[in-house]
Amino acid sequence: MSRKLTGLTMAVAMAMLAALTILPLSAQAAKEDHRTIAGMVQYYVTCFNKRDVAGILDLYAPDARISDSGLFSKKWLSVEEYAPKLRDKLAKYDQRRAFIVDWDIEELDVNGDSADLSIEVRAKQGPFSARKRGDFELAKSAEGWKIIVDES
């Protein structure tokens with residue numbers, strides 16, 4: 001029995017072929033995004049441990065919003081407003097000789113040019129260690145992935 005391909009059958013076959021071709025490419029792109037974002041986290045940790053304020057700030061988009069939460073309030077800072085606070089925070093960590101010794105990506109959801117990232121870091125200060133969670137929204141631009149919201 002011979003079958004002739006109708007226009008509809010041909011269209012369905014072409015769509016399936018296109019999907020089979022695109023799926024491996026998008027899976028590869030997703031892996032690359034995950035590797036790049038993991039590299040960002042490692043870069044942040046390296047900059048933190050070196051007390052490199054400029055390096056950390058470079059991870060943020062120019063219009064990023066950074067949470068500045070107090071005990072009873074929460075306000076949002078621009079990158080410019082955050083810079084002196086980050087300098088002070090890193091200086092205090094330096095005085096206490098606190099360093100990030102380990103990190104883990106707890107959640108990473110990449111959706112095209114945006115991503116939600118949750119990380120956990122373990123910091124040591126002498127014999128003591130503490131864990132802290134950070135939540136971020138990222139956006140992919142011509143310069144690569146940047147932090148657009150920091151709720152850590």
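Everything below is about the structure shown above.
So, here's what we can say about the structure. (Residues numbered from 1 in each chain as written. Predicted model: local features only at pLDDT ≥ 70, side-chain atom pairs only at ≥ 80, totals over all residues. Heavy atoms only, no water.)

Focus: the sheet that holds strand E3 (residues 98-111)
Inference 1: Across the sheet, six strands lie side by side as E2-E1-E6-E5-E4-E3; this open sheet has mixed pairing. Of all the strands in the sheet, just strand E2 (74-77) and E3 have a single pairing partner and so form its edges. Adjacent strand axes in the sheet meet at a mean angle of 30° when their direction is disregarded.
Inference 2: Helix H3 (residues 79-95) rests against strand E1 (60-69), E2 and E3 of the sheet, and its axis sits at about 60° to E1. (Pairing = 2+ DSSP bridges. Helix = DSSP H or I, 4+ residues; strand = E, 2+ residues; numbered from the N terminus. Axes fitted to C-alpha atoms, helices over the stretch in contact; angles between N-to-C directions. Contact = heavy atoms within 4.5 Å.)

Section: the side chain of Arg51
Inference 1: Among the secondary structure elements, Arg51 is positioned in the loop between helix H1 (7-50) and helix H2 (53-57).
Inference 2: Arg51 gets classed as buried once you look at its relative accessible area, which sits at 15%.
Inference 3: Engagement of the side chain of Arg51 in a polar contact is seen with the backbone oxygen of Tyr93, the distance being 3.2 Å.
Inference 4: Among the polar contacts listed, one links the side chain of Arg51 to the backbone oxygen of Ala98, at a separation of 2.5 Å. (Buried < 20%, exposed > 50% of the residue type's maximum accessible area, 1.4 Å probe, protein only. Polar contact = N/O pair within 3.5 Å; in protein donor to acceptor, adjacent residues only side chain to side chain.)

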